[in-house]
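# Commentary on secondary and tertiary structure
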Number of protein chains: 2
Amino acid sequence: MTGQVRDAVRTRRALLDAAARAVVVHGAGVSLDAVAREAGVSKGGLMHHYRSKDELMAALADDLFDQFARAVEDRIDPADTAPGRRLRAYVRATFDDLEKTQDAVEQTTLMATLSAFPEPARRAQERYRRWNRTLAEDGVDPQRILVVLRACDGASIAPLFEGPLGPEELAGTRSLLLALATGTGPLVG
Amino acid sequence: MTGQVRDAVRTRRALLDAAARAVVVHGAGVSLDAVAREAGVSKGGLMHHYRSKDELMAALADDLFDQFARAVEDRIDPADTAPGRRLRAYVRATFDDLEKTQDAVEQTTLMATLSAFPEPARRAQERYRRWNRTLAEDGVDPQRILVVLRACDGASIAPLFEGPLGPEELAGTRSLLLALATGTGPLVG
């Protein structure tokens, strides 16, 4: 990357992080002014990178999905050649996130708020369809994919209802879901 | 109930419904003024029933939990005497809700916002511990309870990411989870 491109990447990173914080505080009604303030830039500076609130919200959603998709790819075990290796990587990415962050409430508020905007909602649907396709190509029974994905999502929002999950509970759920993601046959007869 | 008690119950119902709507729109920063406005009463009228915002948020959380607990009890099949009857009723209550409401985004935003308040968060944790105890007493393997509860929660937030779930997908997930809630042995060997 040239220095100029590197600077632009770094600026966009800082703007998206500021936008995420501003959305959590102000909800769907967040203004570009509030995001610019949070980022410590002028509104003009922000709009040089994102020309409208819709464009910024779409970029923020894409960024969250990209980060998760990269986390899954990073966790595919190269030595693991059995069907379901990507589904197991999905479980690992989910639980690594849960062990790392104590801000499940903020993450969920952010996703819920973003999904109120048409373009982020459309992109989320597209990503989910793509996940389902990619995971199915990996040779796992669709029922197993469904239960494991739903349970991963449920574990992600559990801290909302139950407070922070303890390390033992997280480890237990992780290994249970990895085991479910390891069989290839149907889950129920 | 006397007429006076019935009126108070009806008023509280209207106030809680207004509070839920106001929290979805204004987030955690919602004011008692905004709730009173939404309910069409004076702030004094609201505070006659709920003396503070904390008290109102706690009452709102309790109300949501109570409604769900009643929905589960209502769905226990009296003819069903096999272990896991309450877990199966939990699945039915979850999916009946999902089939009925198109406002999953609002429900999740509401729960996420409420859980930012200490007292609702404490009560949510207490309720979840109670669910786990009650469901375990019903004779089902703890791993099955965990996977079914997490998958129910995941299905509840799925419309956030995937848009409204179609009737076929809902019916498929419901019967898969009912089947998982029917076995009593461990889910994985």
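Note that this is a predicted model, so its numbers are computed, not measured.

### Regarding the interface of chain A and chain B
At the junction of the two partners, chain A supplies 33 residues and chain B supplies 33 residues. For the pair chain A and chain B, the summed buried area comes to about 2,900 Å², and 73% of that belongs to carbon and sulfur atoms. If you sort the residues of chain A by the area they bury against chain B, Arg150, Phe161 and Leu176 of chain A come out on top, with a joint share of 24%. Linking chain A with chain B are two salt bridges, by the criterion used here. The partner of Arg150 of chain B in a salt bridge is Glu169 of chain A, with the nearest N and O atoms 2.8 Å apart. For the side of chain A that touches chain B, the elements supplying multiple residues, two or more each, are helix H6 (104–114), helix H7 (118–137), helix H8 (142–162) and helix H9 (167–180) of chain A. Looking at the side of chain A that touches chain B, its residues break down into 21 nonpolar, eight polar and four charged.

### As for the UniProt feature "domain: HTH tetR-type" (unreviewed entry) in chain A
Using the residue numbers shown here, the UniProt feature "domain: HTH tetR-type" (unreviewed entry) corresponds to residues 9–68 of chain A. The annotated region residues 9–68 of chain A carries 82% helix and 0% strand content, and the separation between its end C-alpha atoms amounts to 18 Å.

### Brief notes about the relation of the copies chain A and chain B
In the superposition of chain A on chain B (RMSD 0.0 Å, axial shift 0.0 Å), the rotation amounts to 180°. The transformation relating the two chain copies, once decomposed into turn and shift, fits a two-fold axis. Counting the interface residues of chain A, we find that 100% of their copies in chain B are interface residues as well, pointing to one common contact surface.

### A short note on helix H4 (residues 53–74) of chain A
The first and last C-alpha atoms of H4 of chain A sit 31 Å apart over 22 residues, in line with the 32 Å expected at 1.5 Å per residue. Every buried residue of H4 of chain A is listed here: Leu56, Met57, Ala58, Ala59, Leu60, Ala61, Asp62, Asp63, Leu64, Phe65, Ala71 and Val72 of chain A.

### Remarks on the domain arrangement of chain A
One frequently used descriptor of interface size is the decrease in accessible area upon assembly of the parts. Residues and elements named next belong to chain A. With domains assigned, chain A is organised as domain 1 (1–51) and domain 2 (54–189). If you average the C-alpha positions of domain 1 and of domain 2, the two centres end up 27 Å apart. The largest per-residue losses of area from domain 1 upon contact with domain 2 belong to Leu16, Val23 and Val24, which jointly make up 40% of the total buried on that side. In this structure, the connection of domain 1 to domain 2 is made through two salt bridges. The partner of Glu55 in a salt bridge is Arg51, and the shortest N-O contact between them spans 3.3 Å. The interface formed by domain 1 and domain 2 holds two residue pairs in polar contact (both at pLDDT 80 or more) in total. At the level of secondary structure, the elements contributing two or more residues to the side of domain 1 that touches domain 2 comprise helix H1 (3–26) and helix H2 (32–39). Ranked by the residues each element gives to the side of domain 1 that touches domain 2, the list is headed by H1, at six residues. Of the residues assigned to the side of domain 1 that touches domain 2, the class counts are ten nonpolar, two polar and two charged.

### Remarks on the packing of aromatic side chains
This model, assessed by the stated rule, comprises six aromatic pairs over all chains. Ring geometry for Phe68 of chain A versus Trp131 of chain A: centroids 6.0 Å apart, planes at 65°, classification edge-to-face. Placement of the pair is Phe68 of chain A in helix H4 and Trp131 of chain A in helix H7, with a sequence separation of 63 residues. Under the relative-accessibility criterion, Trp131 of chain A is labelled buried at 12%. Measuring from centroid to centroid gives 5.0 Å for Phe68 of chain B and Tyr90 of chain B, while their planes differ by 80°, and the two rings are edge-to-face.

### Examining the environment of Phe65 of chain A
All names here are of chain A. Positionally, Phe65 belongs in helix H4. What makes Phe65 buried here is its relative accessible area of 11%. Between the C-alpha atoms of Phe65 and Arg127, which are 62 residues apart in sequence, the distance is 7.7 Å. Dropping the residues within four chain positions of it, Phe65 is found in contact with Met111, Pro120, Arg123, Ala124 and Arg127.

### Side note on the pattern of salt bridges
Taken as a whole and judged by the stated rule, the model has 40 salt bridges over all chains. Of the charged contacts, one joins Asp62 of chain B and Arg123 of chain B as a salt bridge, the two residues approaching to 2.4 Å between their closest N and O atoms. On the criterion of sequence distance, the pair formed by Asp62 of chain B in helix H4 (residues 53–74) and Arg123 of chain B in helix H7 (residues 118–137) is long-range, its members being 61 residues apart. Look at the salt bridges and you will find they share partners, linking Asp62, Asp66, Glu119, Arg122, Arg123, Glu126, Arg127 and Arg130 of chain A into a network.

### Concerning the state of the cysteines
Working definition of a disulfide: a covalent bond connecting the sulfur atoms of two cysteines. For the structure shown, the criterion picks out zero disulfides over all chains. The thiol of Cys152 of chain A is not disulfide-bonded; the next cysteine sulfur, from Cys152 of chain B, is found 15 Å away. Look at Cys152 of chain A and you get buried, because its relative accessible area is 1%.

### Some points on the packing of H4 of chain B against H7 of chain B
Relative orientation and spacing of two packed helices are given, respectively, by the angle between their axes and the distance between those axes. Residue and element names in this part refer to chain B. Two elements in contact, H4 and H7, have axes whose closest approach is 8 Å; the angle formed by their N-to-C orientations is 20°. Considering the angle they form, H4 stands roughly parallel to H7. Classified by chirality, the crossing of H7 by H4 is right-handed. Across from Met57, Ala58, Ala61, Asp62, Phe65, Asp66, Phe68, Ala69 and Val72 in H4, the residues of H7 making contact are Glu119, Pro120, Arg123, Ala124, Arg127 and Trp131. Within the contact of H4 with H7, the residues separate by chemical class into ten nonpolar, no polar and five charged.

Reading the values: the criteria
Residues numbered from 1 in each chain as written. Chains lettered and ligands numbered in written order. Predicted model: local features only at pLDDT ≥ 70, side-chain atom pairs only at ≥ 80, totals over all residues. Heavy atoms only, no water. Contact = heavy atoms within 4.5 Å. Buried area = accessible area lost by both parts, 1.4 Å probe. Salt bridge = Lys/Arg side-chain N within 4 Å of Asp/Glu carboxyl O. Helix = DSSP H or I, 4+ residues; strand = E, 2+ residues; numbered from the N terminus. Nonpolar A, V, L, I, M, F, W, Y, C, P; charged D, E, K, R; others polar. UniProt positions renumbered as here; feature names shortened; annotations may be inferred. Least-squares fit on C-alpha atoms with pLDDT ≥ 70 in both. Expected span 1.5 Å × (residues − 1). Buried < 20%, exposed > 50% of the residue type's maximum accessible area, 1.4 Å probe, protein only. Domains from an automatic or database assignment. Polar contact = N/O pair within 3.5 Å; in protein donor to acceptor, adjacent residues only side chain to side chain. Phe/Tyr/Trp six-rings, centres within 6.5 Å; stacked < 30°, edge-to-face > 60°. Disulfide = S-S within 2.5 Å. Axes fitted to C-alpha atoms, helices over the stretch in contact; angles between N-to-C directions. Parallel < 35°, antiparallel > 145°, perpendicular 65-115°, else oblique. Left-handed = near helix turned anticlockwise from the far one by under 90°.

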